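Results of the structural survey
If you want the building blocks of each chain, they are given just below.
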There are 2 protein chains.
Amino acid sequence: MALVVVGGVAAGLSAAARARRVDPRLEIIVLEKGPVISYGACGLPYFVEGRVEKSSQLIVYTPEYFRKERQIDVRIQSRVTSISHPRREVVLESGARVPYERLVIATGARSEIRGIAGTQSPHVFTLYTLDDAERMRAFLRERRPRTAAVVGAGYIGVEAADALRRNGLAVTIFEASQDVLLRDDPDFTAAVRKQLERHKVELRTGERISDLEDLGYDMIVLAAGFRPNVQLAVEAGIETGRTGAIRTDDRMETNLRGVFAAGDCAEVNHLVSGRSTWIPLGTTANKTGRVAGANASGGRERFAGVVGTSIVSIFGTGFATTGFSAAQARNEGFTPVTTRVEANTRPKYYAATRTTVELVADKASRRLIGGSVIGEDGANGRIDVIATALQTRMRVDEFEQLDLAYSPPFSPVWDPLLIAAQQLLKQF
Amino acid sequence: MALVVVGGVAAGLSAAARARRVDPRLEIIVLEKGPVISYGACGLPYFVEGRVEKSSQLIVYTPEYFRKERQIDVRIQSRVTSISHPRREVVLESGARVPYERLVIATGARSEIRGIAGTQSPHVFTLYTLDDAERMRAFLRERRPRTAAVVGAGYIGVEAADALRRNGLAVTIFEASQDVLLRDDPDFTAAVRKQLERHKVELRTGERISDLEDLGYDMIVLAAGFRPNVQLAVEAGIETGRTGAIRTDDRMETNLRGVFAAGDCAEVNHLVSGRSTWIPLGTTANKTGRVAGANASGGRERFAGVVGTSIVSIFGTGFATTGFSAAQARNEGFTPVTTRVEANTRPKYYAATRTTVELVADKASRRLIGGSVIGEDGANGRIDVIATALQTRMRVDEFEQLDLAYSPPFSPVWDPLLIAAQQLLKQF
């Protein structure tokens, strides 16, 4: 009896590959609804931009590779329409049935746009699959659009805006909420807005779109309403959690024994709040896939959780966040204290650039519970230091003592992280 | 009665500035033996290189600034020749006496070259002070040397070699030990050698120099024998520790009540081994100065210690280390397990470069106890993540779960740090 994996992108293939390592003889079948597998979905905006020349560069492995090198039976164009756990089988669109002993659900996420008219027009795009990106690229080449609207200021929306602007289009982003990049933080949003405007991309927050035709743009990118794709799982009796994504334990097992979930369709533990969360990202998809695959093939691994770290490049500047903003922290029951500093990334005499570091701590426990870093240089390294501190439940006074690397080509003697920590300590 | 600070560079001025903040009315006197204060000593190689045009760019503050803006009496050309703690006074070379109530010793380090002939020749240089760097720059300009020998492959030696090579000289580094950059690690040394050779700098390890004249180079840089400058302190009855540097408690107080030490003349606690260590670096000088200044003026602060993090740029590539190498870990009583991986810094489709990550853990406790990162991109950010993990006594299995930022312009979906952690876990 086989391990069956539903979904052949990040989480699904991580699960299959890991299962193969754990059990060299297990029969493993991956069912992918689309025509390609294993593509770097996070690279799609760079293909649209033109920096990545061919979509094939985004494909990491082919079904043939998995079949030949890993003895994993990857079947494309194989959409699963139902799961019967009592019978331990999945049913494909073709009517074929595939029996399983263990099952990994990696059905990802999808855009559930409701109440917007005109989403089916040929000049309206999403940017979730390789096919989406190829369509968009062809449209840019053949139709030479001059204006674009992007609906949604999450990661994909902002990256799509950057890519289209670099193609010469006049771009406007419409965001229904007051926040961008899923960060409830007015200062962070203001910084994103400033950077977008510096590059002539308009950001209109608090604007809910109801009719795409009315907008009057040459092309429209829908990058809103991203939700976990759980319909198949729910119909099979798999429980979802408070976030709407599939609930799992720390082995990525669902309420059905032998059925695991991983990637964008599953919720995970938030290590700062201790509550379940849904933050669909490539890193988490790969990690949870790996753990699900190990446990579905006889291994015993654990996924501790996330602290919610992410970064996006907007015209060359990194905008990175981890943990909670002050507002988000309050929602989670913390009493946040926060500081934001702007400081040099290197000594003045060595081509310094500016960076903004925000730290959020819990008043009672002094624990760091969030942070953000904005900068041309080192935003990723600095956010990773904060993320590491969150993961180990470090207090601000401990963080302030960090022994970080210093040399003029890389950093100033007082790293912006330490300056921020010193400032924050004054509030205790 | 005053707070007197002996030494006016990083540690001394950090102490004075911090003391002023803690006590706005305290009389503070800084005694500096040289003609300038507050220069970025770590920037000297970049002035020699020519990247920093004027030595004045390296000067952060002038005595006038401190006098006027901070009400700190900074006296240059004021060499202290003795300290009489029973009388609570220091004696200057001029014979003048300066009474103190509290004293901060920040006398730094110096090169104690023994058994080498010819160190006084005009073509022989050190690179510790602004004056040294100006002499070297004038020599380069006026004498147009074509060959240079650098004695010592520590940070200053390697940075000086880089700077001279970029000035067109043929450069050879002579190092008495088998190691470079104070890292007992043959693989790390091999990587440094490879990078130096790629840029046509010869590295000769295991070669002890006895006569500089015999070497036959147009110029010679002495960058060896760096030792804590403790003579003044020792003569005053201040105790040194196992490293030869001044022993302090975690408030930076010496065995004499009211006398503090900070910077390159003092030893500090190594947070990985729990033993005292001497790692003279600008970051530690500033931090310990700050703590000494706070405690010498009525505050109460603590310096937890260091994990030994440092980085150096060699022709644009970062060579970073923290904690212990395997050999050093064995010397400290650990049973190290180690792994070294080479991996991409970004996805292949997004201008990936290679980086090498080494992790060292303790077999019994699984604690991370060291690491090194080499790379053109992100070596500083990645070493800082390892340093943060060391500081919080993180285990490898916890480290492997880190939620690091991912986006193609910044990093690959599996960060090299996580790949290294996965590899290392296999050894447990």
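The structure reproduced in this document is the subject of the present report. The model shown is predicted, which means the values in this text are computed figures rather than measured ones.

Attention now moves to the interface of chain A and chain B. One frequently used descriptor of interface size is the decrease in accessible area upon assembly of the parts. Every contact between the two is made by 55 residues of chain A and, on the other side, 55 residues of chain B. In total, chain A and chain B occlude about 4900 Å² of area from one another, counting both sides; carbon and sulfur atoms represent 60% of this. A per-residue breakdown of the area chain A buries against chain B is headed by Tyr349(A), Asp403(A) and Phe410(A), which together make up 16% of the total. Summed over the shared surface of chain A and chain B, the result is zero salt bridges. The tally of links between chain A and chain B comes to 24 residue pairs in polar contact (both at pLDDT 80 or more). When residues of the side of chain A that touches chain B are traced back to their parent elements, those giving at least two are α9 (282-295), β18 (310-314), α11 (379-391) and α13 (416-425) of chain A. At nine residues, the largest contribution of residues to the side of chain A that touches chain B is made by α11(A). Looking at the side of chain A that touches chain B, its residues break down into 27 nonpolar, 20 polar and eight charged.

Membership of the largest hydrophobic core comes to 75 residues, with the highest contact counts inside it found for Leu359(A), Leu368(A), Phe399(A), Leu359(B), Leu368(B) and Phe399(B). Not counting residues within four places of it along the chain, the set of residues in contact with Phe399(A) comprises Leu359(A), Leu368(A), Val385(A), Ile386(A), Ala389(A), Met394(A), Leu417(A), Leu418(A) and Ala421(A).

Turning next to the pattern of salt bridges. Residues and elements named next belong to chain B. The full count for this structure, using the stated rule, is 46 salt bridges over all chains. One salt bridge connects Glu 207 with Arg 204, and the closest N-O pair in it is separated by 2.9 Å. One salt bridge in this structure joins Glu 253 and Arg 251, with 3.5 Å as the shortest N-O distance. Both residues of the pair, Glu 253 and Arg 251, count as buried.

Okay, the side chain of Ser121(A) next. Residues and elements named next belong to chain A. Inspection of the secondary structure assignment puts Ser 121 in the loop between β8 (109-111) and β9 (124-125). Using a relative accessible area of 14% as the deciding quantity, one classes Ser 121 as buried. Polar side-chain contacts of Ser 121 include one of 3.3 Å to the backbone oxygen of Gly 118.

A few words now on α13(A). Of all ten residues in α13(A), seven are buried, a share of seventy percent or more. Within α13(A), the full set of buried residues consists of Pro416(A), Leu417(A), Leu418(A), Ala420(A), Ala421(A), Gln422(A) and Leu424(A). Those residues of α13(A) hidden inside the fold are in contact with β20 (336-344), β21 (354-362), β22 (368-375), α11 and α12 (396-399) of chain A together with α9 (282-295) of chain B. Backbone nitrogen of Leu417(A) and a side-chain oxygen of the N-cap are separated by 2.9 Å at the start of α13(A); the cap is Asp415(A).

Quick notes on the rules
- Residues numbered from 1 in each chain as written.
- Chains lettered and ligands numbered in written order.
- Predicted model: local features only at pLDDT ≥ 70, side-chain atom pairs only at ≥ 80, totals over all residues.
- Heavy atoms only, no water.
- Contact = heavy atoms within 4.5 Å.
- Buried area = accessible area lost by both parts, 1.4 Å probe.
- Salt bridge = Lys/Arg side-chain N within 4 Å of Asp/Glu carboxyl O.
- Polar contact = N/O pair within 3.5 Å; in protein donor to acceptor, adjacent residues only side chain to side chain.
- Helix = DSSP H or I, 4+ residues; strand = E, 2+ residues; numbered from the N terminus.
- Nonpolar A, V, L, I, M, F, W, Y, C, P; charged D, E, K, R; others polar.
- Core = buried A, V, L, I, M, F, W, Y, C linked by side-chain atoms within 4.5 Å.
- Buried < 20%, exposed > 50% of the residue type's maximum accessible area, 1.4 Å probe, protein only.

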